[in-house]
Amino acid sequence: MTDKDTLSTSPAAPITPEMLESTGWSRMKVSNFSDLVGPVWQRHGEHRFAFIVDTKHDNSLGRSHGGMIMTFCDDGMGVTARLPHGGIPVFTVEFGCKFIAGPRHGELVELKCEIVKATRSLIFMRGTCFVGDRVIATCEGIWKAPAPRTREPTPVNEPLHT
């Protein structure tokens, strides 16, 4: 990972939405629930996601709540799991997360996702959640693509217009 890939998370240079936008990130909409805990960002052309730890994410110990990290990972991996099935919505069948370190207020938490295997209906995923060079969580899970329907795919990587 290079400095160009990761933004500084030092207190002297707090990460702002404008900084993210200027370095190739866009706000994404996954679901109404995700809007409550977000915003979540996606790197253009990649299945790499991010959020800035805010006071609303605090676990009362000055770190991001584990539930926020799990929600963030589930969303990012779920968006990536849509790829093998043409973008149709998928749902989580199994999800596991291992916490390694707690990100602090103002830090940029990123997630890189990997499709391990995709079958006709199941997508096996893993992800690594990090702040700079520090791994904060790893996760894995299985997503299911529903039987084909006439429903149109739901776009998830279009920037929000405010």
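These numbers were taken from a predicted model, which means no experiment stands behind them.

Enquirer: Explain the pattern of salt bridges residue by residue, including any values.
Expert: In this structure the tally under the stated criterion is five salt bridges. Where Glu 107 meets Arg 134, a salt bridge forms, and the shortest distance between an N and an O atom there is 3.0 Å. Highlighted residues: Glu 107 in the loop between strand E4 (91-99) and strand E5 (108-118) and Arg 134 in strand E7 (residues 134-144), separated in sequence by 27 residues. What makes Glu 107 buried here is its relative accessible area of 8%. Since its relative accessible area comes to 29%, Arg 134 is described here as partly exposed. Residues Arg 126 and Glu 114 are paired through a salt bridge, measuring 2.8 Å at the closest nitrogen-oxygen approach. Of the two residues, Arg 126 is situated in strand E6 (residues 122-131) and Glu 114 in strand E5; the sequence distance between them amounts to 12 residues. Arg 126 sits in the partly exposed class, given a relative accessible area of 41%. Each of Glu 46, Arg 48 and Glu 110 takes part in one network of salt bridges that share partners.

Enquirer: Could you give me a rundown of unusual backbone geometry, with the residues and numbers involved?
Expert: Cis geometry is adopted by the peptide bond preceding Pro 39, which originates at Gly 38 and carries an omega value of 15 degrees. Within the secondary structure layout, Pro 39 lies in the loop between helix H2 (32-37) and strand E2 (40-43).

Here is what the cut-offs are and how they apply
- Residues numbered from 1 in each chain as written.
- Predicted model: local features only at pLDDT ≥ 70, side-chain atom pairs only at ≥ 80, totals over all residues.
- Heavy atoms only, no water.
- Salt bridge = Lys/Arg side-chain N within 4 Å of Asp/Glu carboxyl O.
- Helix = DSSP H or I, 4+ residues; strand = E, 2+ residues; numbered from the N terminus.
- Buried < 20%, exposed > 50% of the residue type's maximum accessible area, 1.4 Å probe, protein only.

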